[in-house]
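What follows is each chain in one-letter form.
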There are 2 protein chains.
Amino acid sequence: MKRSDVDTPALILDLDRVERNIETLALFFSSRTANLRPHFKTPKCPEVARRQLAAGAIGITCAKLGEAEVLAHSGIETSILLANQVVGRAKVQRLVELAGSVPELIVAVDHPNQVRAIDAELSGTKQSVGALVEVDIGMHRCGTRDEAATVELAAAVDKSRLSYRGIMGYEGHAVLVVDPEERRALTVQALSELDRHRSALARAGLEPEIVSAGGTGTYDITGAAPFVTELQAGSYVFMDGAYRKVRSEFEPALTVATTVVHARGRLLITDCGMKALSHEFGLPEGADLPLRCVALSEEHGHVLIDDDAELTLGPGDRIEILPSHGDTTINLHEEYAVVRGEEVVDRWPIPARGKFK
Amino acid sequence: MKRSDVDTPALILDLDRVERNIETLALFFSSRTANLRPHFKTPKCPEVARRQLAAGAIGITCAKLGEAEVLAHSGIETSILLANQVVGRAKVQRLVELAGSVPELIVAVDHPNQVRAIDAELSGTKQSVGALVEVDIGMHRCGTRDEAATVELAAAVDKSRLSYRGIMGYEGHAVLVVDPEERRALTVQALSELDRHRSALARAGLEPEIVSAGGTGTYDITGAAPFVTELQAGSYVFMDGAYRKVRSEFEPALTVATTVVHARGRLLITDCGMKALSHEFGLPEGADLPLRCVALSEEHGHVLIDDDAELTLGPGDRIEILPSHGDTTINLHEEYAVVRGEEVVDRWPIPARGKFK
């Protein structure tokens, strides 16, 4: 099947570009002490994780239990970092059950109640759950803020049935800052905060074995920091319109194919609206053609051909759009049409799509 | 199971309210010549459609083939209006196949190529497909614009293997206008445009049997217009934060339950981000509690308790959020937890979720 025969709207994944992106980041880590533990929340697809692991990744990062369960059931045997807090009885039960079916499971904690709940659930089982204390390094979402709280929580983990493994911080407030100097300054500040917590733990006899940070936008800084042991980058593998403004060494590998259903001069109405394309990072642009989305309704894209472009398109014509945010766009789709150039070479399901529990 | 025991994030559907909303709109139509053909793109769930049909709806409106196929496979036997253009070979084939398994299938057209493609596909089959000419009545998305084009297209339908049934227009630019006078003025203008096309067709001997319009925001005007025969309202059945500002006679029946995972004074971090809650109509508010979403990350909600509220919440506490846009939020979920008061009385899958082809 040809790329242009895939019914729309559809996610088109350019496998050559995916492979080059994986290679590019693997090459960076090949000469660093830190390792890569790529984030599953971007691809949500075991086929991609398998390729990342083959290229040297030391495990996979997941955002939630549902993703980790999908990985565990895919036959991939690897260490999983669940880089968020697991709160609530039902989820804690699933966490401990999951620990029995993966080689290693590590979870983020930022409150003693989480440690107590997992500890209680581990009682009487043979399961092992590792824990990283999440430190707020500037994003002001979750995480401990002062070093005393970090040390206290690490000590509580160390005394519990969980295995104390270290700390993590995510410089989410820096990763998409377009100006490189500003991004660097924010990242360096965030890393120094993380290092302060690391030092406090070391002084308390709780030296972290794992210090996890970072994302695609800042990997060159966080991944080169001597005290960081692993990175959680995810978006690099496919890229998207937002990350493209920040990192040019990776290639946009994911597009959404859509069909023009109506045309009026330069304004095209397509069959791809906000139920197939997210827009919280801005309205997306054409992948190769000089056009941009000017509005999305539920089932329609409103796409404008650039003023100075010599391009005429009409009903039935097909265009590809570069999503401004890959993660949330992928979350809307059931599968990737995997292409090499113009050939569809595979279909990969997205089993972790919509698994938000 | 109790409502408060449903694991989060989850869609909570208040069945008493859903039933009252269905009753309220059915009562309006009981004394009008127009009928209701509720839109499936809101609930995406046959259980809801079944109740709307039992209350007197004459059929169901769908936004796309995938939704109509879900309805057809659910055992519901009713007339289906596919209120968008079907473009592309694969979809036209599915359309004609679908026509064989539903009592009546009507599709919108706005270009002769669509008529030709469906006509060709109908050749040699026993299937019957009805068509409405879509008229642009002010939203400037799809639809014919001048009466001559409408008449020409209706005549083309009439001469084809499709059955010519009439016209449709959607005053989508008016439905969410908060000011009632402005909304009324826009709607009256849109309706007069629709009527102009209807008259032109009548003069050409192509009097429409069906004149379809409308939505939840304008049903009292469009549904009372003497020449309108049916309405496509959808959101009334659950309501959402956006429609709540426009229509107070319907009750908000749909909330998203979420758990606080982290707290810092009045700022709560919850387990429900943009992968479980849409926000294109604005950040949502608390359903019953004095709080509002101030940001959404992929997997986290950033929720602020109102300044003057006497309310303290912490990790593990549960809150319910009123989505600002129901349709796209529902599209992210696999099921409804159906409640009456505090009791969970059922679980309804959402089979048409993510069916965007």
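These numbers were taken from a predicted model, which means no experiment stands behind them. (Residues numbered from 1 in each chain as written. Chains lettered and ligands numbered in written order. Predicted model: local features only at pLDDT ≥ 70, side-chain atom pairs only at ≥ 80, totals over all residues.)

Student: Help me get a handle on the overall build of chain A, residues and values and all.
Tutor: Looking only at helices and strands, chain A has 10 helices and 17 strands in total. For a compact globule of 357 residues, the expected C-alpha radius of gyration is about 21 Å, and chain A comes in at 22 Å, within 12% of that figure. Once the C-alpha set of chain A is aligned to its principal axes, its extents read approximately 70 × 45 × 35 Å. Considering only intrachain contacts with a sequence separation of at least 6, the fraction spanning at least 24 residues in chain A is 67%. (Helix = DSSP H or I, 4+ residues; strand = E, 2+ residues; numbered from the N terminus. Rg over C-alpha atoms; globule rule 2.2 N^0.38 Å. Contact = placed C-beta atoms within 7 Å.)

Student: Lay out the sheet that holds strand β4 (residues 79-82) of chain A with the relevant residues and their values.
Tutor: Hydrogen bonds between backbone atoms are what pair the strands of a sheet, whose relative direction is either parallel or antiparallel. Residue and element names in this part refer to chain A. If you trace the eight strands from one edge of the open sheet to the other, you get β2-β9-β8-β7-β6-β5-β4-β3, paired in parallel fashion. Looking at strand neighbours, the two that pair on one side only are β2 (35-36) and β3 (60-62), the edges of this open sheet. Pairing analysis gives two bridges linking β2 to strand β9 (residues 230-231), with the strands arranged parallel. Note that in β9 the partner of N35 across the bridge is E230. (Pairing = 2+ DSSP bridges.)

Student: Can you tell me about helix α6 (residues 147-159) of chain B, naming the residues and giving the values?
Tutor: Look at α6(B): 18 Å from first C-alpha to last across 13 residues, which is about the 18 Å you get at 1.5 Å a residue. The secondary structure elements touched by the buried residues of α6(B) are β5 (104-109), α5 (112-122), β6 (130-134), β7 (163-168) and α7 (180-203) of chain B. (Expected span 1.5 Å × (residues − 1).)

Student: Any details on the interface of chain B and chain A? Residues and values, ideally.
Tutor: Each partner contributes to the interface: chain B provides 40 residues, whereas chain A provides 39 residues. Every element with two or more residues in the side of chain B that touches chain A is listed here: α4 (89-99), β10 (254-264) and α10 (326-330) of chain B. For the side of chain B that touches chain A, the element with the highest residue contribution is β10(B), accounting for three residues. Here the residues of the side of chain B that touches chain A sort into 12 nonpolar, 14 polar and 14 charged. (Nonpolar A, V, L, I, M, F, W, Y, C, P; charged D, E, K, R; others polar.)

Student: Account for the nonpolar core, naming residues and giving values.
Tutor: In this structure, L13(A), L82(A), L13(B) and L82(B) are the most contacted members of the largest nonpolar core, which totals 226 residues. Apart from the residues within four sequence positions on either side, L82(A) is in contact with C62(A), L65(A), A68(A), L105(A), I106(A), V107(A) and A108(A). (Core = buried A, V, L, I, M, F, W, Y, C linked by C-beta atoms within 7 Å. Buried ≥ 20, exposed ≤ 12 C-beta atoms within 10 Å, placed from the backbone.)

Student: Tell me what's going on with the relation of the copies chain B and chain A, and back it up with residues and numbers.
Tutor: At an RMSD of 0.0 Å, chain B and chain A line up after a rotation of 180 degrees and a shift of 0.0 Å along the axis. The superposition operator between the copies reduces to a two-fold rotation axis. Residue L332(B), judged by its C-alpha, is the member of chain B lying nearest the rotation axis, at 3.5 Å. Both copies share a contact surface, since 98% of the interface residues of chain B are interface residues in chain A too. (Least-squares fit on C-alpha atoms with pLDDT ≥ 70 in both.)

Student: Any chance you could break down the environment of K44(A) for me, citing the residues and the numbers?
Tutor: Residues and elements named next belong to chain A. Its location among the elements puts K44 in the loop between β2 and α2 (46-54). The buried category is assigned to K44, around which 27 C-beta atoms lie within 10 Å. Each residue touching K44, except ones within four places of it in the same chain, is listed here: E67, I330, I350, A352 and R353.

Student: Tell me about the pairing of β7(B), and name the residues and values.
Tutor: Residue and element names in this part refer to chain B. With five of six residues buried, β7 lies mostly within the body of the structure. In the sheet, β6 pairs with β7 via five bridges, with the strands oriented parallel. When the sheet's bridge partners are listed, G130 is paired in β7 with S163. Judged from the three bridges that link them, β7 and strand β8 (residues 210-213) form a sheet pairing that is parallel.

Student: Please provide a residue-by-residue account of the domain arrangement of chain A, values included.
Tutor: Accessible area lost when the parts come together is the quantity often used to give the size of an interface. All names here are of chain A. Domain annotation for chain A reports domain 1 (3-10 + 248-349) and domain 2 (15-237). Each of domain 1 and domain 2 was reduced to a C-alpha centroid, and the two centroids are 32 Å apart. Across the contact, 13 residues belong to domain 1 and 14 residues belong to domain 2. Among the secondary structure elements, those contributing two or more residues to the side of domain 1 that touches domain 2 are α10 (326-330), β16 (335-340) and β17 (343-349). When residues in the side of domain 1 that touches domain 2 are grouped by element, the largest group, four residues, is from β16. A class-by-class count of the residues in the side of domain 1 that touches domain 2 yields eight nonpolar, one polar and four charged. (Domains from an automatic or database assignment.)

Student: How would you explain the sheet that holds strand β9 (residues 230-231) of chain B if you had to name every residue and give the values?
Tutor: All names here are of chain B. Strand order across the open sheet formed by eight strands is β2-β9-β8-β7-β6-β5-β4-β3, with parallel pairing between neighbours. Single-partner strands in this sheet number two, and they are β2 (35-36) and β3 (60-62). The sheet contact formed by β5 and β6 spans four bridges and is parallel. Among the inter-strand pairings, V107 is bridged to a residue of β6, identified as A131.

Student: Could you give an account of the packing of helix α3 (residues 65-73) of chain A against helix α4 (residues 89-99) of chain A, naming the residues involved and the relevant values?
Tutor: Residue and element names in this part refer to chain A. The contact between α3 and α4 brings their axes to 11 Å, and the two run at 25 degrees. For the element pair α3 / α4, the angle class is roughly parallel. At the point where α3 passes α4, the crossing takes the left-handed sense. In this structure, α3 uses L65, A68, E69 and A72 to contact α4, whose residues at the interface are K91, R94, L95 and L98. Of the residues in the contact of α3 with α4, the class split is five nonpolar, no polar and three charged. (Axes fitted to C-alpha atoms, helices over the stretch in contact; angles between N-to-C directions. Parallel < 35°, antiparallel > 145°, perpendicular 65-115°, else oblique. Left-handed = near helix turned anticlockwise from the far one by under 90°.)

Student: Please set out the environment of L231(A) residue by residue, giving values where relevant.
Tutor: Residues and elements named next belong to chain A. Tracing the chain through its elements places L231 in strand β9. Along the sequence, L231 and N35 sit 196 residues apart, while their C-alpha atoms lie 6.3 Å from each other. Filtering out sequence-adjacent residues up to four positions away, L231 remains in contact with A34, L36, R37, A213, G214, Y219, T222 and G223.

Student: Explain the pairing of strand β15 (residues 318-322) of chain B residue by residue, including any values.
Tutor: One ladder, built from four bridges, connects β10(B) with β15(B); its direction is antiparallel. Pairing of T258(B) across the sheet is with I319(B), part of β15(B).

Student: So, the packing of α6(B) against α7(B): which residues are in play, and what are the values?
Tutor: The angle between the axes and the distance between the axes are what describe a pair of packed helices. Residue and element names in this part refer to chain B. Interaxial distance between α6 and α7 falls to 9 Å at its minimum, and their mutual angle equals 50 degrees. With respect to each other, α6 and α7 are oriented oblique. Judged by the twist between their axes, the crossing of α6 over α7 is right-handed. Contacts from E147, T150, V151 and A154 in α6 reach R196, H197, A200 and L201 in α7. Along the lines of polarity and charge, the residues of the contact of α6 with α7 split into four nonpolar, two polar and two charged.

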